Amino acid sequence: MSAVAKPLHITVVSDVVCPWCYIGKRHLEAALAGFAAAHPDAPTPDIEWSAFQLNPTMPQSGMDRRAYVANKFGDNETAIMARMALAGKNAGIDFNFDAIQRQPNTLGLHAVIAAADTQGQQTAVVERLFQANFLEGVDLTDAPAIISLLTPLGLRPEVIADCLDPQGAAQANVASIDAHWRSLQVQGVPLFVFDRQWAVSGAQPPEALIDAMTHAMSQRAAS
């Protein structure tokens, strides 16, 4: 397979409790569709979801959502939440922030994402967790609820339970991935890394992601 014919690799560094990451996912979906239309002969890019904790010091049991938002945003809470809600609507997401009761520690959720067998399953797990948190208000600190949520996607209950064990190897593995990104001075997400070389930070519009994908492919062809 030639370098040009090899699928573009896109690493998405994100957290499922990050609203901008959910918006970024929608922008990426639009960008992938635009890229496919502009480059019909190019193979579909490979998508990898990589762990980053928005709140690395969050207690394992999580915390009350209202207290979390008040502590995080202070007097700017109303304006910030309104801005996120509007950005969500523009991306096709009707955030239901009021339904969220608890803010979870996400290390176990990242372990579940990493345990997915295929790219398609991994992306489906990410999407389901985004939906559960931001649209349905599912308590993502509740292990039985998470197991019920994700087993329809083909993950075995015992695998999910192992991932949610804070003393288990699965969480230790994704903690090392989180630490890797922090060692590279990543401080916020989403972050999109193309062919493991070119990065775009933030929930950039689809056009910016298409430009980055095109640049990565052109650089690969030139080399």
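Heads up: these notes are all about the structure in this document. (Residues numbered from 1 in each chain as written. Predicted model: local features only at pLDDT ≥ 70, side-chain atom pairs only at ≥ 80, totals over all residues. Heavy atoms only, no water.)

A few points about the overall build of the chain
To be explicit about the condition: Working definition: helices are DSSP H or I runs of at least four residues, strands are E runs of at least two. Numbering for both runs from the N terminus. When we talk radius of gyration, it's over C-alpha atoms, and the globule rule is simply 2.2 Å times the number of residues to the 0.38. Remark: exposure states derive from per-residue accessible area (1.4 Å probe, protein chains only) relative to the maximum for the residue type, with buried under 20%, exposed over 50%, and partly exposed in between. The contact rule is simple, with two residues in contact once any of their heavy atoms fall within 4.5 Å. Reported accessibility uses the Shrake-Rupley method at a 1.4 Å probe radius. Residues are deemed covered only where the shown protein chains occlude them. Neither His nor the chain ends is counted toward charge; the positive residues are Lys and Arg and the negative residues Asp and Glu. Just so you know, the charge point we use is NZ for Lys, CZ for Arg, CG for Asp and CD for Glu.
Within the chain, the secondary structure is distributed over nine helices and six strands. In terms of C-alpha radius of gyration, the chain reaches 18 Å, essentially the compact-globule figure of 17 Å for 223 residues. By principal-axis analysis of the C-alpha atoms, the chain measures approximately 50 × 40 × 35 Å. Looking at the chain as a whole, 45% of its 223 residues qualify as buried. Counted over contacts in the chain with a minimum sequence separation of 6, partners at least 24 positions apart contribute 74%. Of the roughly 10600 Å² of accessible surface on the chain, 53% is carried by carbon and sulfur atoms. Counting 14 positive and 22 negative side-chain charges, the chain places the centres of these two groups 3 Å from one another.

As for helix 5 (residues 119-136)
Condition: Expected span of a helix: the number of residues minus one, times 1.5 Å.
Compared with an ideal rise of 1.5 Å per residue, which puts 18 residues at 26 Å, helix 5 spans 24 Å between its outermost C-alpha atoms and is within 8% of the ideal. The complete set of buried residues in helix 5 reads Gln-121, Gln-122, Val-125, Val-126, Glu-127, Arg-128, Leu-129, Phe-130, Ala-132, Asn-133 and Phe-134. Against the buried residues of helix 5 lie helix 1 (19-38), strand 2 (46-51), helix 4 (107-115) and helix 6 (143-150). Two residues or fewer past helix 5, Gly-137 is found with a positive phi of approximately 70°.

Points about unusual backbone geometry
With an omega dihedral of 10°, the bond running from Val-189 to Pro-190 counts as a cis peptide bond. Locating Pro-190 in the fold gives a position in the loop between helix 8 (169-183) and strand 5 (191-194). Its identity is not glycine, yet Asp-195 carries a phi of approximately 50°, on the positive side. Looking at the secondary structure, you find Asp-195 in the loop between strand 5 and strand 6 (198-201). For Arg-196, which is not glycine, the phi dihedral falls at a positive 60°. When you line up the elements, Arg-196 lands in the loop between strand 5 and strand 6. Exposure remark for Arg-196: the relative accessible area of 60% places this residue in the exposed category.

Some details on the packing of helix 4 against helix 5
For the record, the criterion: Orientation is described by axes fitted as lines to C-alpha atoms, over the contacting stretch for helices, and by angles from 0 to 180 degrees between their N-to-C directions. Each angle receives one of four descriptions, namely roughly parallel if under 35 degrees, roughly antiparallel if over 145, roughly perpendicular if within 65 to 115, and oblique otherwise. Note on residue classes: Ala, Val, Leu, Ile, Met, Phe, Trp, Tyr, Cys and Pro are nonpolar, Asp, Glu, Lys and Arg are charged, and everything else, Gly too, is polar.
It is at 8 Å that the axes of helix 4 and helix 5 come closest, and there the two elements cross at 150°. Here helix 5 runs roughly antiparallel to helix 4, going by the angle between their axes. For the pair helix 4 and helix 5, contact is made by Leu-109, Val-112, Ile-113 and Ala-114 and by Gln-122, Val-125, Val-126 and Leu-129, respectively. For the contact of helix 4 with helix 5, the per-class residue count stands at seven nonpolar, one polar and no charged.

Let's talk about the sheet that holds strand 5
Going by this rule: Only when DSSP finds a minimum of two bridges between them are two strands counted as paired.
Read across the sheet, four strands follow the order 2-1-5-6 without closing on themselves; strand pairing throughout is mixed. Both outer strands of the open sheet, strand 2 and strand 6, are each paired with one neighbouring strand and no more. Recorded for the sheet is a direction-independent mean angle of 20° between the axes of neighbouring strands. Here four bridges tie strand 5 to strand 6, and the two strands are oriented antiparallel to one another. Bridge pairing in strand 6 places Val-193 opposite Ala-199.

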